Amino acid sequence: MKTLIVLITILSLSWSGFSQGLKPIVYPIDGESYFCFTQWQSKYIAKTFEKEKLQKGIIGLLESQKKELLLLQEVKDSTILFLENKNANQSLVIDNKNLAYKALVIDNKALTKKVKRQGFKNTVFGGAILVLVGVLIIK
């Protein structure tokens, strides 16, 4: 006689999900109906449940890794956007500094010309006064 194993109650397992070869024997024990399987059937069911549990665990792990990777992708994208904005702002600052430098160079050239002209005028004016004083002394 094959060994029968009492596996689980009717409420816990729907045996119809397994292949046709796994039809259990139903025994009423203490007013409740129990599915009884052979040892081979019990092993097959246990392996199937463990395989499903493992697959659910792997799926859960992969889903959590996917969520983590999506969050990391968002952080990376926001960091890239921040750095692009920072780069654009620094480029504007550099352009403004270059424009200010060019304006200072132009102003410096203009002031240098003005100082040279003023020095030339002072030299001519001083020479004219010297000549005038010399003429006055001679007379």
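Conventions and cut-offs
- Residues numbered from 1 in each chain as written.
- Predicted model: local features only at pLDDT ≥ 70, side-chain atom pairs only at ≥ 80, totals over all residues.
- Heavy atoms only, no water.
- Helix = DSSP H or I, 4+ residues; strand = E, 2+ residues; numbered from the N terminus.
- Buried < 20%, exposed > 50% of the residue type's maximum accessible area, 1.4 Å probe, protein only.
- Contact = heavy atoms within 4.5 Å.
- Areas by Shrake-Rupley, 256 points an atom, 1.4 Å probe, with all protein chains shown as cover.
- Salt bridge = Lys/Arg side-chain N within 4 Å of Asp/Glu carboxyl O.
- Pairing = 2+ DSSP bridges.
- Phe/Tyr/Trp six-rings, centres within 6.5 Å; stacked < 30°, edge-to-face > 60°.
- Expected span 1.5 Å × (residues − 1).
- pLDDT = per-residue confidence, 0-100.

**Q** Describe the overall build of the protein chain, listing the residues and the values that go with them.
**A** Along the backbone of the protein chain there are one helix and three strands. Along the protein chain, helices (α) and strands (β) appear in the sequence β-β-β-α when read from the amino end. Within the protein chain, buried positions represent 9% of all 139 residues. The contacts of the protein chain with a sequence gap of at least 6 include a subset with a gap of at least 24, amounting to 47%. As displayed, the protein chain has an accessible area near 12200 Å², and 65% of this comes from carbon and sulfur atoms.

**Q** With reference to specific residues and values, describe the pattern of salt bridges.
**A** One pass over the structure, following the stated rule, counts two salt bridges. In this structure, the salt-bridge partner of Glu 50 is Lys 53, at a minimum N-O distance of 3.7 Å. In this pair, Glu 50 and Lys 53 are both assigned in helix α1 (residues 39–138), three residues apart and thus about one turn of the helix distant. Overall, the relative accessible area of 47% leaves Glu 50 in the partly exposed class. Residue classification places Lys 53 among the exposed positions, given a relative accessible area of 56%. A salt bridge links Glu 52 to Lys 56, with the shortest nitrogen-to-oxygen separation between them at 3.2 Å. Remark: Lys 56 and Glu 52 occur in helix α1; sequence separation between them is four residues, near one turn of the helix. According to the relative accessible area criterion, Glu 52 is partly exposed, its value standing at 35%.

**Q** Please set out the pairing of strand β3 (residues 32–38) residue by residue, giving values where relevant.
**A** Among the seven residues in β3, five count as buried, and that is most of the element. As judged from the five bridges shared by strand β2 (residues 25–29) and β3, these two strands associate in the antiparallel manner. Counted as the bridge partner of Pro 28 is Ser 33 from β3.

**Q** Give me the packing of aromatic side chains: which residues, what numbers.
**A** Counted under the stated rule, the structure contains two aromatic pairs. Ring centres of Phe 35 and Phe 37 lie 6.3 Å apart, and the angle between their planes is 45°; on these two criteria the pair is classed as tilted. Phe 37 sits in the buried class, given a relative accessible area of 0%. Summarising the aromatic geometry, the rings of Trp 40 and Tyr 44 are spaced 5.8 Å apart at their centres and angled 15° between planes, so their arrangement reads as stacked. Placement of both Trp 40 and Tyr 44 in helix α1 is noted, with a separation of four residues, approximately one turn of the helix.

**Q** Explain α1 to me, using residue names and the numbers behind them.
**A** For α1, with 100 residues, the first-to-last C-alpha span of 145 Å sits near the 148 Å given by 1.5 Å per residue. Of the positions making up α1, those classed as buried are Gln 41, Ser 42 and Ile 45.

**Q** Quick rundown of the confidence of the model for the protein chain? Include the residues and the values.
**A** Should the pLDDT be low somewhere, the predicted coordinates at that spot are not to be read in detail. In this model, the protein chain carries an average pLDDT of 83, and 85% of its residues clear a pLDDT of 70 or more. When pLDDT is averaged over each element of the protein chain, α1 comes out on top at 91 and strand β1 (residues 4–9) at the bottom at 39. Counting contacts from residues 1–20, a segment whose pLDDT is below 50, to residues more than four positions away or on other chains yields 41 contacts.

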